Amino acid sequence: MTDRERTLTVGVVVARTGRLASLGDPLAFALDLLRPRLDAVRRGGRRYPLRLVARDSRSTAEGAREAVRELIADEDARIVLTLAGTQVLPAVADACEEAGVPCLSSAFPWQVYYFGRGADERRPFSWTYHFCWGLDDIAETFADLWEHAAGPGRTVGCLWNDGPQGTWSRHAERGFAPAALARGHRLVDPGGYREPAESLDDHVTAFEAAGADIVTSAATARDLALFRARAAERGHTPRLITCSRWLAYPPTTTGGGDRPAQDRVATLVYWTPSHPYRSSLDGTTAADLAEAYEQATGGQWLQPLGLAYALFEVAHHALATADDPADPASLAAAVSRTRLETVAGPLDWTAGPVPNIATIRLAGGQWQPGERHPYELAVVTGGRVEGLRPTADLLPPTPA
């Protein structure tokens, strides 16, 4: 048997150039941290050398597909990992599905990943697996925040685009809307806008007319800043804004303003140093991982860091438990039966909600002025994360 046949390669598609380059930092860090540690897999008394190899997605769908082709053809990758990117992540998963190579991904609402790529409960994917929260989980978390801020039965303005985020959020069966409506809230949706937005005046007008004192969104930081500025010009400051997109990363100012668009915006919380989780690989806690990132990079810890680390945990577990870790079908089967406690929390592919999917528990938070960093993500509601305690209360909004 040759060294190539004996060695197991984990391929990683990560954005290092292009507009998503900064979003690739958590996955790149986890890769660099674990590469020297994950040098072998033991299975049935046999030791398989292990190598981790990365390719740049270049922040595009075509770049992602090319990265997958290179990892499979040139590096003999047995499983491919990736994280985030509205166009990039589905491109990686689709390329792996077509090639018959297992793929594991995260940080993308599971309904968009699953139904948006053409699967359903009767026709699941054969090779591609995912762990994340759902749009319904976001709605439940945001409803907790709305009710925490203003009580039950709110009228909520929906700042949703005409792309995948908005389209799936308003989906009548599988989106954000049905879960929010089931909690007794009224949604005001003036329709999708094209990104980048040129004007959001129609949305401001519709929300004012409906008496919507809360706004929910999946906007970019730029468009969120535009909305807040236009609303403020008309004397309209929502009691609370919840936003699920780009809010995983610490706020930065846009357009030269002193205050970032995400200032005091509430969002979902899926990983923090306070989460009571530890790695299945080496016992690393969430706090340990966050501290390692800040020490190594000089930057602020990032929510996707926990998911990035967990990708490698699941891949290692699947390789170590597969009947034949060199066989794609055996490795895919190992992922499908994985139940594992990770630094991102418990992951269970045997529990659904649909085949190929494991879910992550959410809490509610808000970006608030911080002590160690200009803005820090405060945990406001513990949500469905057992053992996670709130660290702050909601702060009132400030005009844009």
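Residues numbered from 1 in each chain as written. Predicted model: local features only at pLDDT ≥ 70, side-chain atom pairs only at ≥ 80, totals over all residues. Heavy atoms only, no water.

The test is simple: UniProt positions are given in the numbering used here, feature names are shortened, and annotations may be inferred rather than shown by experiment.
As recorded in an unreviewed UniProt entry, the protein chain goes by ABC transporter substrate-binding protein and comes from Streptomyces tamarix. According to UniProt, the comment filed for the protein chain under the heading Sequence similarities (unreviewed entry) is "Belongs to the leucine-binding protein family."

### Side note on helix α9 (residues 201–210)
Going by this rule: Throughout, exposure labels follow a simple rule: accessible area from a 1.4 Å probe, protein chains only, divided by the maximum for the residue type, with under 20% read as buried, over 50% as exposed, and the rest as partly exposed. Secondary structure follows DSSP: runs of H or I at least 4 residues long count as helices, runs of E at least 2 residues long count as strands, and numbering of each begins at the N terminus. By construction, the arc corresponds to the directions joining the helix axis to the C-beta atoms. Any pair of residues with heavy atoms lying within 4.5 Å of one another is described as a contacting pair.
Taken together, the buried positions of α9 are occupied by His203, Val204 and Phe207. On an axial view of α9, the arc spanned by its buried residues comes to 100°, and they lie on one face. Exposed residues pointing more than 90 degrees away from the buried face of α9 are listed as Asp202 and Ala209. Turning to α9, the residues buried within the fold contact β7 (155–159), β8 (186–188), β9 (214–217) and α10 (221–233). Backbone geometry just downstream of α9 places Gly211 in the positive-phi region, at approximately 75°.

### A word on the pairing of strand β6 (residues 128–132)
Stated formally: Following DSSP output, two strands are said to pair if at least two bridges run between them.
Burial analysis of β6 places 5 of its 5 residues in the buried class, the great majority of the element. Here β6 shows a buried face lined by Thr128, His130 and Cys132 and a second buried face lined by Tyr129 and Phe131. Sheet analysis places strand β5 (residues 103–106) next to β6, joined by 4 bridges and oriented parallel. Along β6, the bridge assignment pairs Cys103 with Thr128.

### Points about the environment of Ser59
The criterion, for reference: The definition of a polar contact used here is a pair of N or O atoms within 3.5 Å, where within protein one atom must be able to donate a hydrogen and the other to accept one, and adjacent residues in sequence count solely through side-chain atom pairs.
When you line up the elements, Ser59 lands in the loop between β3 (46–56) and α3 (61–73). In the structure, Ser59 is positioned 312 residues away from Glu371 in sequence and 33 Å away in space, judged by C-alpha atoms. Not counting the four nearest positions on each side in its chain, Ser59 is found in contact with Ala15, Thr17, Gly18, Arg19, Leu20, Ala21 and Val88. Reaching out from Ser59, the side chain makes a polar contact with the backbone oxygen of Thr17 at a distance of 2.6 Å. There is a polar contact of 3.0 Å between the side chain of Ser59 and the backbone nitrogen of Leu20.

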